[in-house]
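Here is how the chains run, residue by residue.
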Amino acid sequence: MKEGDIIYDNANVIVIDASSDLQHGTGLVKAAGGEAMATKCREVIEAIKSIPVGEAISVGPGMLSCQAVVYAITPGWRSPRRSFDMNDVVALKNAYQNSLKRAEEIRAVTVALPGLGLELSRVPKDVCARCMLDASDVFFTTRPHTTIKEVRFIN
């Protein structure tokens, strides 16, 4: 576990959470990535309209120093009155696993992985932590020859 701002991590791939229409979860990432990243996100959405919850897509880094940014689409727990259920937990685990798959597809060695959904979707911290660890365990157990050698859990 590492504390700090994910955009300053020197990982090959930075993962961030986003909604299905690629609205950025963190304004700082959007600002730091620059117009090139925002343009690419708009192009993706114009082409496919929406990305399913639990999926992840890779885009260029814009002005960031990484090789790529992976957007993970997290379930929406925005309402304080809405309780989460097992479908949401499965979707969050899928978002983590699919983020790692996208990183592997571009042959990343290091991945900066945040607590997905903590900010954007208000996922409970304990649920987020369990999903992050479970999904990472499944990913590395099922892919012993992955290019990814280090995942940095960033708070």
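Here's a quick rundown of the structure. Small disclaimer: the values here were computed from a predicted structure and weren't measured.

**Quick look at the packing of helix 2 (residues 86-105) against helix 3 (residues 125-142)**
In the contact formed by helix 2 and helix 3, the axes pass within 9 Å of each other and the chain directions differ by 45°. In terms of axis orientation, helix 2 runs oblique to helix 3. Pair helix 2 / helix 3 crosses with right-handed handedness. Only Val127, Cys128, Cys131, Met132, Asp134, Ala135, Ser136, Val138 and Phe139 of helix 3 make contact with helix 2, whose side of the interface consists of Val89, Leu92, Lys93, Tyr96, Gln97, Leu100, Lys101 and Glu104.

**So, the environment of glutamate 35**
Along the chain, glutamate 35 falls in helix 1 (residues 27-48). Assessed through its relative accessible area of 51%, glutamate 35 is described here as exposed. Sequence spacing of glutamate 35 and methionine 63 is 28 residues, and the spatial spacing of their C-alpha atoms is 8.5 Å.

**A closer look at the state of the cysteines**
Taken as a whole and assessed by the stated rule, the structure comprises 0 disulfides. With no disulfide of its own, cysteine 128 lies 7.2 Å from the sulfur of cysteine 131, the closest cysteine sulfur.

**A short note on the pattern of salt bridges**
On inspection of all chains with the given rule, the structure shows 6 salt bridges. Where arginine 102 meets glutamate 105, a salt bridge forms, and the shortest distance between an N and an O atom there is 3.0 Å. Note that arginine 102 and glutamate 105 are positioned in helix 2 at a spacing of 3 residues, about one turn of the helix. When its relative accessible area of 54% is taken as the criterion, glutamate 105 is described as exposed. In this structure, arginine 130 engages aspartate 134 in a salt bridge whose closest nitrogen and oxygen atoms are separated by 2.9 Å. Taken together, the positions of arginine 130 and aspartate 134, both in helix 3 and 4 residues apart, correspond to about one turn of that helix.

**Re helix 2**
Because each turn of an α-helix spans 3.6 residues, side chains separated by three or four positions end up pointing in the same direction. For helix 2, with 20 residues, the first-to-last C-alpha span of 28 Å sits near the 28 Å given by 1.5 Å per residue. Within helix 2 the residues assigned to the buried category are Asp88, Val89, Ala91, Leu92, Ala95, Tyr96, Gln97, Asn98, Ser99, Leu100, Arg102 and Ala103. Following helix 2 by one or two positions, arginine 107 adopts a phi angle in the positive range, close to 65°.

Cut-offs and rules
Residues numbered from 1 in each chain as written. Predicted model: local features only at pLDDT ≥ 70, side-chain atom pairs only at ≥ 80, totals over all residues. Heavy atoms only, no water. Axes fitted to C-alpha atoms, helices over the stretch in contact; angles between N-to-C directions. Helix = DSSP H or I, 4+ residues; strand = E, 2+ residues; numbered from the N terminus. Parallel < 35°, antiparallel > 145°, perpendicular 65-115°, else oblique. Left-handed = near helix turned anticlockwise from the far one by under 90°. Contact = heavy atoms within 4.5 Å. Buried < 20%, exposed > 50% of the residue type's maximum accessible area, 1.4 Å probe, protein only. Disulfide = S-S within 2.5 Å. Salt bridge = Lys/Arg side-chain N within 4 Å of Asp/Glu carboxyl O. Expected span 1.5 Å × (residues − 1).

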